[in-house]
Structure formats: C-alpha cells, structure tokens
Amino acid sequence: MIAKSLLAEIGHEYGNTRKILERVPVEKFAWQPHPKSMTLEKLVTHLAMLPQFITSTITKDELDFSKGAYPPEKFDSTEQMIASFDGHVAKAKEVLTNTQDEEFGKPYIVRNGEHIIFTLPKSVIIRSFAISHVIHHRAQLQVYLRMLNVPVPGFYGPSADEI
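Here we summarise the structure given alongside this text. Bear in mind that the values here come from a model prediction, so they are computed numbers and not experimental data.

What follows deals with the pattern of salt bridges. Per the stated rule, a full pass over the model turns up 10 salt bridges. A salt bridge links Lys106 to Glu103; the nearest nitrogen and oxygen atoms lie 2.9 Å apart. Take Lys106: its relative accessible area is 39%, and that puts it in the partly exposed class. Two residues, Lys122 and Glu103, come together in a salt bridge whose shortest N-O distance is 2.6 Å. Pair noted here: Lys122 is in helix α6 (residues 122-147) and Glu103 is in helix α5 (residues 101-104), with a separation of 19 residues, a long-range link.

Next comes the structure, spelled out in structure tokens:
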C-alpha cells in the first residue's frame, strides 16, 4: 500500500521533472546565476540522478557521504540526460513495486563517516530526499531557465509561457 502511494506521487512529480529537463540547453551548462549557485550542469545532473536515491534507500540501510556514493554522471546531450533520468526512474519504480510495507518503516541512516547526521524511516527518506528534494531543485531549475529566456512548462497548471 505504501509503495502504491509513492509510485503515484513519483509518477506525477518525476513526470513534471522530465518535462523541465527536456528544455535544458546543454550549450548553457557552464552558466550560473550567482557565484554561490550551482552551474546549470551541476543542477541538472543532480536532478537527473536523484531518483537513484529511492533504489538506494530501499536496497541499503545507510548513506555514508564519506564514501562518495554518487559520483556525478556526465551528459553531452539533453537526450543522454533524459535517458539517464528515465533509467533511474524505471529502476526506482521497479524496486518500489517489489517492496513490502514493513521495509518502509525500517531505519535509514545518513552519515559522514562516524558522524551520524540523522536516522529516519525509509518512507520519510523517500518522501523528503527523493520527492521533495526533486521538487526543490526543479523549482531552482525553473528560475535558471527563466533567467536564460527558455520557456518553462507548467507543473500544476499552465505556466506564464503556456497561457
């Protein structure tokens, strides 16, 4: 039952994420709105890779940042980025489909070496770090694209570019 709910939410939110990733101009990858902001490339790479976190959360019991668990992928084209995102989403959906409710209540530890940052149930990790986290960065990307004069899609209704 928990997986079914998460799958519906992921289908909706990751579908919206795919719509905006499709509009990313690869030739602008080096652009950043402020020196403290991520480059466009780093932001979209992070977004494209985040669905992996669902698979990791279900199949493992912890994330240790000291081990460099997620080396960034390199994309040379929008199509390559979308293919990677789609692959991570498909794997996450497959894993969720085969997960029993009891697994979602198990603790997941986020640490940096010996320092435990927090421990939360796997269902909370998925909602916070694999769904809300994507929504957060997708909103950042929406601002980046707006600043680059790239029309942005609507997510919960039409955007100003679609009216």
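Among the structural elements, Glu13 can be located in helix α1 (residues 2-21). Assessed through its relative accessible area of 8%, Glu13 is described here as buried. Within the structure, the side chain of Glu13 is placed 2.8 Å from the side chain of Tyr156, a separation counted as a polar contact. When residues no more than four places from it in sequence are discounted, the contact partners of Glu13 are Ile131, Ile135, Arg138 and Tyr156.

Conventions and cut-offs
- Residues numbered from 1 in each chain as written.
- Predicted model: local features only at pLDDT ≥ 70, side-chain atom pairs only at ≥ 80, totals over all residues.
- Heavy atoms only, no water.
- Salt bridge = Lys/Arg side-chain N within 4 Å of Asp/Glu carboxyl O.
- Buried < 20%, exposed > 50% of the residue type's maximum accessible area, 1.4 Å probe, protein only.
- Helix = DSSP H or I, 4+ residues; strand = E, 2+ residues; numbered from the N terminus.
- Polar contact = N/O pair within 3.5 Å; in protein donor to acceptor, adjacent residues only side chain to side chain.
- Contact = heavy atoms within 4.5 Å.

Interpretation in functional terms is not warranted from these geometric data alone.
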